[in-house]
Amino acid sequence: MEFVLIAIAILVVALIAGVSLLVGRGRRTVRLDDDDAAGTTLTRPAGPPAPPAPPVPSGSTASGLGLPPETVELPPAEPEPGLVFDTPLPSAGRLVRLRSRLARSQSSLGRGLLTVLAREKLTEDDWEEVEETLLAADVGIAATTQIVERLRTQSMVLATASGADLRELLVRELTGVLGPDLDRTLGTTRHEGRPGVVLVVGVNGAGKTTTVGKLARVLVGDGKSVILGAADTFRAAAADQLETWGERVGVLTVRGREGGDPAAVAFEAVRTGVEAEVDTVVVDTAGRLHTKSGLMDELGKVKRVVEKQSPVTEVLLVLDATTGQNGVVQARVFTEAVTVTGVVLTKLDGTAKGGIVVRVQQELGIPVKLIGLGEGPDDLAPFEPRAFAEGLVGEA
Ligand SMILES: Nc1nc2c(ncn2[C@@H]2O[C@H](COP(=O)(O)OP(=O)(O)O)[C@@H](O)[C@H]2O)c(=O)[nH]1
Ligand SMILES: [Mg+2]
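Please read these numbers as outputs of a predicted model, since none were measured by experiment.

Caption draft 1: Representation of the overall build of the protein chain within the structure. Looking only at helices and strands, the protein chain has 14 helices and 10 strands in total. For the protein chain, the proportion of its 396 residues judged to be buried stands at 44%. Residue pairs at least 24 apart in sequence account for 79% of intrachain contacts in the protein chain once pairs closer than 6 positions are excluded.

Below is the structure:
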């Protein structure tokens, strides 16, 4: 009898250990929900309605900042046993793997330039063609002038260069205008016992939510723990979209009710991240460009409120590479509203104007840190000037 009891006990222990192993990754980000006892307004989607938020002393809470009490939803604390999460590869070297996605830029920029430069004797007309090709690819006047001047001084070398040498020369010149020495480190690491906080801003349709989802995968792939904040409360679909991205890699999404206060959601996401001691909290925002002052007020408030919890370590401006000059003009509005620390250029797979990276960096004075090269979950790559220049020029 005793033997049977002991055997059953061992079995139960083994079962519990097995299940906790299976859900361990989810729990890393979801254990935070025990806060109901502490009187916060967190609720779970399927749970009973939350009690109204009790009055809280001012100073350290969302209510204390003059925010209306908000209902912020957290997903169920226990993921279903047996959930299998995607395990993205580390992000290093991703751009090298994805550089063929720049095919459209390659055919108009790379091949165009190589064809001209391979001519036996370069006339003034040829140089004009080089210049036009660079300008057509959105490289911008300053960088175009620099490249053409440098190539002209090397025209003796060009005259005798083999195809491979020409290609290398061009890659080198393009790399040179891409700011090879700029610091492109993402501020995603914990600092003084607090998570790194990334704010993602940009106009509607630029690719913010997609980028937040892809970035979560990059961070998880690089071994970081992450929480997402769905502070685009304008459309419920945006929060759903983000939650789906998070779920696939076992990352928690903090969301609010539709039409709720974005700053309250951002606050709650970061508070949750501080409590859970995660590495990084990434906050998606709404991109309505109603009025410049409205946008400034909203983004300014989100940042201020978040910083009651933890400093914002990175503000990423998402720009659609296919919008050209218009995109750069819109970008200025955002750089006036918040201090942008890095640019994400999306949809570079869909444009022949890959040179826009050069122009955006020079006109805004902000480094491009990530680029989007497709709609697939892992089509976001850390920006590397040399690999990008190789992508623009194309394979031999
Ligand atoms: N081809 C391509 N499409 C992208 C890329 N990034 C985002 N998109 C698409 O752009 C559309 C808008 O993205 P979304 O993240 O919802 O934009 P948001 O309004 O700024 O949040 C979606 O259809 C995305 O799939 C990219 O790098 N390449
Ligand atoms: Mg969005």
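Caption draft 2: Geometry of helix H3 (residues 103-117). An ideal rise of 1.5 Å per residue puts 21 Å on 15 residues; H3 measures up with 20 Å between its terminal C-alpha atoms. The axis of H3 is deflected most strongly, by about 25 degrees, at Arg111. For H3, the set of buried residues is Ser105, Gln106, Leu109, Gly110, Leu113 and Leu117. As for H3, its buried residues are in contact with helix H4 (124-136), helix H6 (155-160), helix H7 (163-177) and helix H14 (385-393).

Caption draft 3: Structural context of the site of ligand 1. As a structural note, the neighbourhood of ligand 1 is formed by 19 residues, with Gly207, Lys208, Thr209, Thr210 and Gly372 the closest of them. Ranked by residues supplied to the shell around ligand 1, first place goes to helix H8 (residues 208-221) with 3 residues. Of the residues belonging to the shell around ligand 1, the class tally is 3 nonpolar, 11 polar and 5 charged.

Caption draft 4: Representation of the pairing of strand E4 (residues 226-231) within the structure. Extensive coverage of E4 is indicated by the burial of 6 of its 6 residues. Both faces of E4 are covered, namely the face carrying Val226, Leu228 and Ala230 and the face carrying Ile227, Gly229 and Ala231. Where E4 and strand E6 (residues 280-285) come together, 6 bridges link them in parallel fashion. When the bridges of E6 are listed, Val226 appears paired with Thr280. Examined bridge by bridge, E4 and strand E5 (residues 252-256) share 4 bridges and lie parallel to one another.

Caption draft 5: H8, seen in detail. Taking 1.5 Å per residue as the helical rise, H8 with its 14 residues ought to reach 20 Å, and the 20 Å between its terminal C-alpha atoms agrees with that figure. In terms of burial, H8 is largely enclosed, as 13 of its 14 residues are buried. Immediately beyond the C-terminal end of H8, within one or two residues, lies Gly223, with a positive phi of roughly 85 degrees.

Caption draft 6: Fine view of the nonpolar core. Residues Ala216, Ala266, Val282 and Leu345 are the most contacted members of the largest nonpolar core, which totals 91 residues. Take this core: its biggest share by element is 7 residues, from helix H10 (residues 262-276).

Caption draft 7: Spotlight on unusual backbone geometry. Positive phi, normally seen in glycine, also occurs at Asp138, with a value near 70 degrees. Positive phi, normally seen in glycine, also occurs at Glu192, with a value near 50 degrees. In this structure, Glu192 sits in the loop between H7 and strand E3 (196-201). The class of Glu192 is exposed, set by 6 C-beta atoms lying within 10 Å.

Caption draft 8: Local environment of the pairing of E5. Counted residue by residue, E5 has 5 buried out of 5 residues, so it is predominantly covered. Here E5 shows no split at all, with Leu252, Val254 and Gly256 on one side and Thr253 and Arg255 on the other all buried. Bridge count between strand E2 (residues 72-73) and E5: 2 bridges; the pairing is antiparallel. Looking at E5, one finds that Val72 is bridged to Gly256.

Caption draft 9: Structural view of the environment of Leu316. By the secondary structure assignment, Leu316 is in strand E7 (residues 314-320). Looking at Leu316, the number of C-beta atoms within 10 Å reads 25, which means it is buried. Excluding residues within four positions of it along the chain, Leu316 makes contact with Val198, Val200, Gly342 and Val344.

Caption draft 10: A look at the confidence of the model for the protein chain. Model confidence for the protein chain is summarised by a mean pLDDT of 84, while 80% of its residues fall at 70 or above. Low pLDDT (under 50) marks residues 17-66, which in the prediction has 75 contacts with non-local residues, meaning those over four places away or in another chain.

Caption draft 11: Looking closely at the environment of Thr272. Relative to the helices and strands, Thr272 resides in helix H10. Take Thr272: there are 26 C-beta atoms within 10 Å of it, and that puts it in the buried class. Each C-alpha atom, one on Thr272 and one on Ile227, is 8.1 Å from the other, the two residues being 45 residues apart in sequence.

Caption draft 12: Just the packing of H3 against H7, in detail. Where H3 meets H7, the closest approach of the two axes is 11 Å, and the angle between their N-to-C directions is 125 degrees. The pairing of H3 with H7 is recorded here as oblique in orientation. Where H3 crosses over H7, the handedness of that crossing is right-handed. Contact residues: Leu113, Leu114 and Leu117 in H3; Leu166, Arg167 and Leu170 in H7. In terms of residue class, the contact of H3 with H7 is built from 5 nonpolar, no polar and 1 charged.

Caption draft 13: Expanded view of the environment of Glu268. For Glu268, the location among the structural elements is in helix H10. Residue classification places Glu268 among the buried positions, given that 28 C-beta atoms sit within 10 Å. C-alpha of Glu268 to C-alpha of Val305: the two residues are 37 residues apart in sequence and 9.7 Å apart in space.

The rules behind these values
- Residues numbered from 1 in each chain as written.
- Chains lettered and ligands numbered in written order.
- Predicted model: local features only at pLDDT ≥ 70, side-chain atom pairs only at ≥ 80, totals over all residues.
- Helix = DSSP H or I, 4+ residues; strand = E, 2+ residues; numbered from the N terminus.
- Buried ≥ 20, exposed ≤ 12 C-beta atoms within 10 Å, placed from the backbone.
- Contact = placed C-beta atoms within 7 Å.
- Expected span 1.5 Å × (residues − 1).
- Bend = angle between axes of the 7 residues up to and from the residue.
- Near = placed C-beta within 6 Å.
- Nonpolar A, V, L, I, M, F, W, Y, C, P; charged D, E, K, R; others polar.
- Pairing = 2+ DSSP bridges.
- Core = buried A, V, L, I, M, F, W, Y, C linked by C-beta atoms within 7 Å.
- pLDDT = per-residue confidence, 0-100.
- Axes fitted to C-alpha atoms, helices over the stretch in contact; angles between N-to-C directions.
- Parallel < 35°, antiparallel > 145°, perpendicular 65-115°, else oblique.
- Left-handed = near helix turned anticlockwise from the far one by under 90°.

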